[in-house]
Amino acid sequence: MKQISTFFLILLAFSPFATSAGSSPETIDGAVTVDTAAAKALFDDNVPFVDVRSAKAYGKGHIAKAHNLDVKSFKKNDLASVAGKDAPVVFYCDGVFCKRAAGASKKAVGWGWSNVKYYREGFPGWKGAGHPVE
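## Examining the overall build of the protein chain
Argument step 1. Secondary structure assignment for the protein chain yields 6 helices and 5 strands.
Argument step 2. Moving toward the C terminus, one meets the helices and strands of the protein chain in the order α-β-α-β-α-β-α-β-α-β-α.
Argument step 3. Put simply, the protein chain has 134 residues, and 40% of those count as buried.
Argument step 4. Contacts spanning at least 24 positions in sequence make up 70% of the contacts within the protein chain whose residues lie at least 6 apart.
Argument step 5. When the accessible surface of the protein chain is totalled, it reaches about 7600 Å², and 59% of it is carbon and sulfur.

## Structural notes on the state of the cysteines
Argument step 1. The full count for this structure, using the stated rule, is 1 disulfide.
Argument step 2. With its sulfur 2.4 Å from that of its partner, C93 forms a disulfide with C98. The sign of the -135° torsion about the S-S bond sets the C93-C98 disulfide as left-handed.
Argument step 3. With a relative accessible area of 1%, C93 lands in the buried category.
Argument step 4. Taking relative accessible area as the criterion, C98 reaches 12% and is therefore assigned buried.

## Regarding the nonpolar core
Argument step 1. Ranked by internal contacts, the top residues of the largest apolar core, which has 21 residues, are V50, V52, F74, L79, V89, F91 and W113.
Argument step 2. When residues of this core are traced back to their parent elements, those giving at least two are β4 (89-92), α5 (100-110) and β5 (116-119).
Argument step 3. When sequence neighbours within four positions are dropped, the list of residues in contact with F91 reads V50, V52, F74, L79, A101, A104, S105, A108, V116, K117, Y118 and Y119.
Argument step 4. With 15 residues, the next largest nonpolar core counts V34, Y58, I63 and W126 among its residues.

## Observations concerning the packing of aromatic side chains
Argument step 1. Applying the stated criterion to the full structure yields 8 aromatic pairs.
Argument step 2. Look at F43 and W126: their rings are 5.1 Å apart centre to centre, the planes differ by 65°, and that puts the pair in the edge-to-face class. Highlighted residues: F43 in helix α2 (residues 36-44) and W126 in helix α6 (residues 122-128), separated in sequence by 83 residues. With respect to burial, F43 and W126 carry one shared label: buried.
Argument step 3. These aromatic residues form a ring-pair network of at least three members: F43, F49, Y92, Y119 and W126.
Argument step 4. The side chain of R53 reaches across the aromatic face of F123, ending 5.0 Å from its centre.
Argument step 5. In this arrangement the basic side chain of K107 is found over the ring face of F74, its NZ or CZ atom lying 4.9 Å from the centre.

Conventions we followed
Per chain, the residues get numbers from 1 upward, laid out in the order the sequence is written. Only residues with pLDDT of at least 70 are given local features in this predicted model, and only at 80 or more are side-chain atom pairs given and counted; all residues enter the totals for whole chains, interfaces and linings. The side-chain quantities take in all heavy atoms of the structure and omit both hydrogens and water. Strands here are runs of E lasting at least two residues and helices are runs of H or I lasting at least four, both read from the DSSP assignment and numbered beginning at the N terminus. Note on classification: 1.4 Å probe, protein chains only; a residue is buried when its accessible area is under 20% of the maximum for its type, exposed when over 50%, partly exposed between these limits. Contacts: residue pairs with any heavy atoms within 4.5 Å of one another. Accessible surface is estimated by sampling points in the Shrake-Rupley manner with a 1.4 Å probe; for residues, cover comes only from the protein chains shown. Put simply, a disulfide is two cysteine sulfurs that come within 2.5 Å. For the purposes of this section, nonpolar cores are sets of buried Ala, Val, Leu, Ile, Met, Phe, Trp, Tyr and Cys residues that join through side-chain atoms within 4.5 Å. In this scheme Phe, Tyr and Trp rings, the latter by its six-membered ring, pair at centre separations within 6.5 Å, and the angle between planes marks the pair as stacked below 30 degrees, edge-to-face above 60, and tilted otherwise. Working rule: Lys NZ or Arg CZ, within 6 Å of ring centre, within 35 degrees of ring normal, means a charge sits over the ring.

So, in structure tokens, the structure goes:
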């Protein structure tokens, strides 16, 4: 009986149900998911970054030059002041367990932004790579 229980636990661990309910989606329809290396290249090209965390979290540290638009309250006009609808824009938050960047990316795509970059690794990935922070 113990072998059968162990078998089912192993099977469950490799099933599609094993993903954490708290993690953010890996992709967003209409957006391009970028890793830290791609995000750094975009940063070097002066593409605007949007930190969608709260003002308090942003104040504790953020990607250098990033704009703070809390996903819970930002509007289309707020985003328009950062990037035009056809211009690239990068959304990030607190990494793979933060769903705010995914939500902001969905909002932007829904509003007609066509060059949305979803930086899922977010601030922890950026800071961990030693890239510029403020």
